[in-house]
Amino acid sequence: MKKTSLANKILIALILGLIFGIVANTLFPEALNSTLSKWVLVPIGNIFLRGIKLIVVPLVLFSLIVGTASLGDIRKLGRIGGKIITYYLATTALAITIAIILAKITNPGIGLNLPKPTEFKATQPPFIMDIFVNMVPTNPFDSLVKGEMLQVIVFSILFGISITLVGEKAKGLLNLIEQANEVCLKLIGVVMLFAPYGVFALISNVIMSQGIKVILPLLKYGFTVLFALLLQLILVYGTALTVIGRVNPITFFKKFWTVMVVAFSTSSSNATLPVTLKTCEEKLGIPESIASFTIPLGATINMDGTAIMQGVATIFIAQIFGIDLTVKQLLIVVLTATLASIGTAGVPSAGLVMLTMVLQQIGVPVEGIALIIPIDRILDMCRTVVNVTGDAVGTTIVANSEKELDITTYNTLNV
């Protein structure tokens, strides 16, 4: 009952935050909104975000070590890793393909009169091969301090494999790490008690500051992105769960919607990671050995929602500048966005960095990114929901393919 009560509180907080944000933006004077934002909403929202983020690095470290070591068989680790990475890359490529097709149908940038974009200072995207090289840390402690998630993941997996190879002699160390992991999971529950207040503050502040006026000229672009996200969420994930995972997708979404609300409010896959992991293990019946391996990996390399934004935004910006993209250029967009998702941080607006890389690859002016910034924060919240959901869907499918999904727990709605 407590879990259900907390979930309802989070949903109510989301709705109230949306209403308050609209009312404040419409009726309150700008000075009052600025004061509320500075002294109340931003501090409360940041406290909640920092509370979740403080768990992320130790949770990824401990859960991945435990998950890798718990698999026991190195061949099983390779099998699960191969399945989940294939799923992540395939769904990301499918997501951006859907986005491009939909954008070519709706033509969001044609006939739209927008002010000339201000100069956009693009962050220099990393060279693709450097991403793979930099995955291997030279100093794991430095990676932990800086929160370099790909490096933390690689170190954790190698450490877990080494524990398995050492065997009985490392049993005491593994037990200690398992205990630390349990403490982290308990800490998630403590932090989540503050979630309704954090969600209300984050949502209301975004709506209050953004308002409706900035959205109106970009409605066609925004609706195209949202529709593509919805197709990915319902059509792709629903079909994958039904056909490949052989489970009821409705049950999945009923149990996972609380995580989706947290993802929407935080706009960060990494910040949502602890809640995702807890829900997968306790509500969906996914064993810790699998979830603790695939979920942290997905939060770092699986960006289906962000890939959708890449596809629509690329078509939108190209049309604004009167550039007709060829089939070859569109294929480059699919490939670049899929590979770029591996090295993109799971933090708010990281998709803009990816978009810079994509536009540079096909010769579209990066200054066009300035045109979509006014509504990017709101769309970022929506695409994070898809990013996080994709991680859990893939994990569910892999767990059932390994015959380790607890079907009873999965189908029990009151869990």
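These remarks concern the structure in this document. (Residues numbered from 1 in each chain as written. Predicted model: local features only at pLDDT ≥ 70, side-chain atom pairs only at ≥ 80, totals over all residues. Heavy atoms only, no water.)

As a further point, take the overall build of the chain. Scanning the chain for helices and strands turns up 17 helices and 0 strands. Put simply, the chain has 415 residues, and 55% of those count as buried. Taking the intrachain contacts of the chain between residues at least 6 apart in sequence as the baseline, contacts between residues at least 24 apart amount to 86%. For the chain, the computed accessible surface area is about 18400 Å², with 68% contributed by carbon and sulfur atoms. (Helix = DSSP H or I, 4+ residues; strand = E, 2+ residues; numbered from the N terminus. Buried < 20%, exposed > 50% of the residue type's maximum accessible area, 1.4 Å probe, protein only. Contact = heavy atoms within 4.5 Å. Areas by Shrake-Rupley, 256 points an atom, 1.4 Å probe, with all protein chains shown as cover.)

Let's shift gears to the environment of Q329. Of note, Q329 is situated in helix α14 (residues 327–340). With 32 residues separating them in the primary sequence, Q329 and Q361 have C-alpha atoms 8.4 Å apart. When neighbours within four sequence positions are excluded, Q329 is seen to be in contact with D324 and I362.

Glancing now at the pattern of salt bridges. Scanning all chains against the criterion turns up 5 salt bridges. Across the salt bridge formed by K83 and E402, the nearest N and O atoms sit 2.7 Å from each other. Note that K83 is positioned in helix α3 (residues 74–106) and E402 in the loop between α16 (369–401) and α17 (407–411), a separation of 319 residues in sequence. Using a relative accessible area of 29% as the deciding quantity, one classes K83 as partly exposed. With a relative accessible area of 12%, E402 lands in the buried category. Here D380 and R383 are joined by a salt bridge, their closest N and O atoms 3.4 Å apart. (Salt bridge = Lys/Arg side-chain N within 4 Å of Asp/Glu carboxyl O.)

So, on to the packing of α3 against helix α12 (residues 288–301). Between α3 and α12, the shortest axis-to-axis distance is 11 Å and the interhelical angle comes to 35 degrees. Here the hand of the crossing between α3 and α12 comes out right-handed. Contacts between α3 and α12 involve L77, I80, G81, I84, I85 and Y88 from the first element and I290, F293, T294, L297, G298 and I301 from the second. Among the residues making up the contact of α3 with α12, the classes are represented as 9 nonpolar, 3 polar and no charged. (Axes fitted to C-alpha atoms, helices over the stretch in contact; angles between N-to-C directions. Left-handed = near helix turned anticlockwise from the far one by under 90°. Nonpolar A, V, L, I, M, F, W, Y, C, P; charged D, E, K, R; others polar.)

Here helix α8 (residues 195–210) spans 22 Å end to end across 16 residues, near enough to the 22 Å set by a 1.5 Å rise per residue. Among the residues of α8, those classed as buried are A195, P196, G198, V199, A201, L202, I203, S204, N205, V206, I207 and M208. (Expected span 1.5 Å × (residues − 1).)

Let us now look at the side chain of S143. Mapped onto the secondary structure, S143 falls in helix α5 (residues 140–146). In this structure S143 comes out as buried when scored by relative accessible area, which is 1%. There is a polar contact of 2.4 Å between the side chain of S143 and the side chain of Q151. Sequence-distant contacts of S143, that is, excluding residues within four places in its chain, are made with P137, E148, Q151 and V152. (Polar contact = N/O pair within 3.5 Å; in protein donor to acceptor, adjacent residues only side chain to side chain.)

Grouped together as the largest cluster of nonpolar side chains are 121 residues, with contacts concentrated most on M192 and Y221. The element contributing the most residues to this core is α16, with 16 residues. (Core = buried A, V, L, I, M, F, W, Y, C linked by side-chain atoms within 4.5 Å.)

Our focus in this paragraph is the packing of aromatic side chains. Aromatic rings considered in pairs are described by the distance between their centres and by the relative angle of their planes. Evaluated as defined, the whole model comprises 8 aromatic pairs. A ring pair is formed by F20 and F200, whose centres lie 5.7 Å apart and whose planes are at 40 degrees; its orientation type is tilted. Within this pair, whereas F20 is found in helix α1 (residues 2–27), its partner F200 is found in helix α8, the two being separated by 180 residues in sequence. Among the residues examined, F20 registers a relative accessible area of 25% and is labelled partly exposed. With a relative accessible area of 26%, F200 lands in the partly exposed category. Ring geometry for F252 against F256: centres 5.2 Å apart, planes inclined by 20 degrees, an arrangement best described as stacked. With F252 and F256 both in helix α10 (residues 249–266) and 4 residues apart, the pair spans about one turn of that helix. On the accessibility criterion, F252 (0% relative accessible area) is buried. Relative accessible area serves as the criterion here: at 0%, F256 is assigned to the buried category. (Phe/Tyr/Trp six-rings, centres within 6.5 Å; stacked < 30°, edge-to-face > 60°.)

A few words on unusual backbone geometry. We note that N107 has phi near 50 degrees; this positive angle belongs to a residue other than glycine. Topologically, N107 is positioned in the loop between α3 and α4 (128–134). Classification of N107 as partly exposed rests on a relative accessible area of 24%. The backbone of R246 shows a phi angle near 55 degrees, a positive value even though the residue is not glycine. Taking the relative accessible area as the measure of exposure, R246 reaches 61% and is therefore exposed.

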